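Residues per chain, in single letters:
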Amino acid sequence: SSSIPVNASSSIPVNASSNFNFVAVGDWGCSSNAEDTVENIIDIDPELVIALGDLSYNDKETECWFELIEPIAERTKITIGNHELDTSKKLRDYMDFFGLEKQYYSFNYSNIHFIVLSAEIPYDEDSDQHEFVIRDLEKYSNDSSIDWIVALFHRQFYNAAEGANNDEEFRKVYHPLFDKYKVDLALQAHLHAYERTYPIKFNIVIEDQPVIQDKHPNIYQNPNGPIFVTVGTGGAYAMSLSNDEPFSVIAIDEKFGVLEMDVENNNENGSKILKGKFIENKKREILDEFEIKKNYK
């Protein structure tokens, strides 16, 4: 592909007092459903597109997905999912196309710090990735120009699916760090459905029952724990949810769509607001909305 690689490590200078938006979605494939996803994104016209892994399901090639995202490729960043490792060539193609040296990295966009993790390589406490995450979060959680920290990864920590395929080890290593360094939002995929949790903290005693911090259905004022949103709705076959987990606010299956996040920076009272909307592909219906507010004096 002759596309210009997206520079993975650089900060993108954006006026931090202006509003902007980004979208996130994973589990695409190269089907007509994924074409609908791209159309939906083009209509939303975000400044940044986050592809949450499992991009092409074709064992041999990445080219179909690169063609699919051509209109939005220059504003796209990716996380590495399990299907990116179907072959070593596939992984190399993705890494080269997006100018990535490692499967984990971070970048700033305006007043948001994004950190990208991978469960496909070593991530335990002895790993380079773990060391990077701690250094990175320590630095940016104390950076006065950063109002929000958003973690991005493919395999999910929590979900309300039957026989939930959560990555328990991955969760055990990183959710406590998200709590410690005040990550605001964690975007994940892998499960082909949409789901949003309350703000939750890691539960050391019963690890798959996180501690709910705020039970409001969709508005959170300075929440004390990250909100996890699963957006595995990019076009790959749908998976079903049982939706009976206490930490889960809303779970939607059998729908394809994208999560749009509006970042509101210039509110008169100085508050910062992140507004999320799950927008279904076909009719462009909004199936979920939530907001996180932070007050600044």
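Residues numbered from 1 in each chain as written. Predicted model: local features only at pLDDT ≥ 70, side-chain atom pairs only at ≥ 80, totals over all residues. Heavy atoms only, no water.

Draft legend 1. Here's a closer look at the overall build of the protein. Helix and strand counts for the protein come out as 5 helices and 15 strands. The C-alpha radius of gyration computed for the protein amounts to 18 Å, which stays within 12% of the reference 19 Å derived for 297 residues, consistent with globular compactness. If you line up the protein on its principal axes, its C-alpha atoms span 50 × 45 × 45 Å. A buried classification covers 57% of the 297 residues belonging to the protein. Here the analysis covers contacts within the protein between residues at least 6 apart in sequence; of these, 74% occur between residues at least 24 apart. Working note: accessible area of the protein is about 12500 Å², and carbon and sulfur atoms make up 45% of it. In the protein, which carries 27 positive and 52 negative side-chain charges, the distance between the mean positions of the two groups comes to 4 Å. (Helix = DSSP H or I, 4+ residues; strand = E, 2+ residues; numbered from the N terminus. Rg over C-alpha atoms; globule rule 2.2 N^0.38 Å. Buried < 20%, exposed > 50% of the residue type's maximum accessible area, 1.4 Å probe, protein only. Contact = heavy atoms within 4.5 Å. Areas by Shrake-Rupley, 256 points an atom, 1.4 Å probe, with all protein chains shown as cover. Lys, Arg positive; Asp, Glu negative; His and termini not counted. Charge placed at Lys NZ, Arg CZ, Asp CG, Glu CD.)

Draft legend 2. Local environment of the nonpolar core. Core analysis: the biggest nonpolar cluster contains 59 residues, and F22, W28, W65, F114 and L187 have the highest contact counts within it. Excluding residues within four positions of it along the chain, F114 makes contact with F22, L48, I50, Y105, S106, F107, Y109, V150 and L152. (Core = buried A, V, L, I, M, F, W, Y, C linked by side-chain atoms within 4.5 Å.)

Draft legend 3. Spatial organisation of the pairing of strand β7 (residues 185-188). Residues L185 and L187 line one face of β7 and the alternating positions A186 and Q188 line the opposite face, and both faces are buried. Here 3 bridges tie strand β6 (residues 148-152) to β7, and the two strands are oriented parallel to one another. Its bridge partner being in β7, L152 is matched across the sheet by L187. Here β7 pairs with strand β11 (residues 227-231) via 4 bridges, running parallel. Counted as the bridge partner of Q188 is T230 from β11. (Pairing = 2+ DSSP bridges.)

Draft legend 4. Structural context of the sheet that holds strand β14 (residues 272-280). Spatially, β3-β2-β1-β13-β14-β15-β10 is the arrangement adopted by the 7 strands of the open sheet, whose pairing is mixed. Every interior strand has two partners, whereas the edge strands, β3 (76-78) and β10 (219-221), have only one. Strand-to-strand twist of the sheet, defined as the mean angle between neighbouring strand axes without regard to direction, takes the value 20 degrees. Here strand β13 (residues 257-264) runs beside β14; their pairing, made up of 8 bridges, is antiparallel. In the strand pairing of β14, V263 is matched with L274. (Axes fitted to C-alpha atoms, helices over the stretch in contact; angles between N-to-C directions.)

Draft legend 5. Spotlight on the pairing of strand β1 (residues 20-25). The element β1 is largely enclosed, with a buried count of 6 among its 6 residues. Of the two faces of β1, both are covered, the one formed by F20, F22 and A24 as well as the one formed by N21, V23 and V25. Direction of pairing for β1 relative to β13: antiparallel, over a ladder of 5 bridges. By the bridge assignment for β13, F20 is matched with V263. Relative to strand β2 (residues 48-51), β1 is paired through 4 bridges, and the arrangement is parallel. Residue pairing across strands places A24 opposite I50, the latter belonging to β2. Viewed along the sheet, the connection from β1 through helix α1 (residues 32-44) into β2 turns out right-handed. (Right-handed = clockwise from strand over helix to strand, strands pointing away.)

Draft legend 6. Main features of the packing of aromatic side chains. Counted by the stated rule, this structure contains 25 aromatic pairs. Ring centres of F22 and F114 lie 5.2 Å apart, and the angle between their planes is 85 degrees; on these two criteria the pair is classed as edge-to-face. With a gap of 92 residues between them, F22 in strand β1 and F114 in strand β5 (residues 112-116) connect regions that are remote in the sequence. In this structure, F22 and F114 share a single accessibility class: buried. Taken together, the aromatic side chains of Y123, F153, F157, Y158, F170, Y174, F178, F228 and F247 make up a single cluster linked through ring pairs. Sitting over the ring of F107, K77 keeps its end group 4.4 Å from the ring centre. (Phe/Tyr/Trp six-rings, centres within 6.5 Å; stacked < 30°, edge-to-face > 60°. Lys NZ or Arg CZ within 6 Å of the ring centre and 35° of its normal.)

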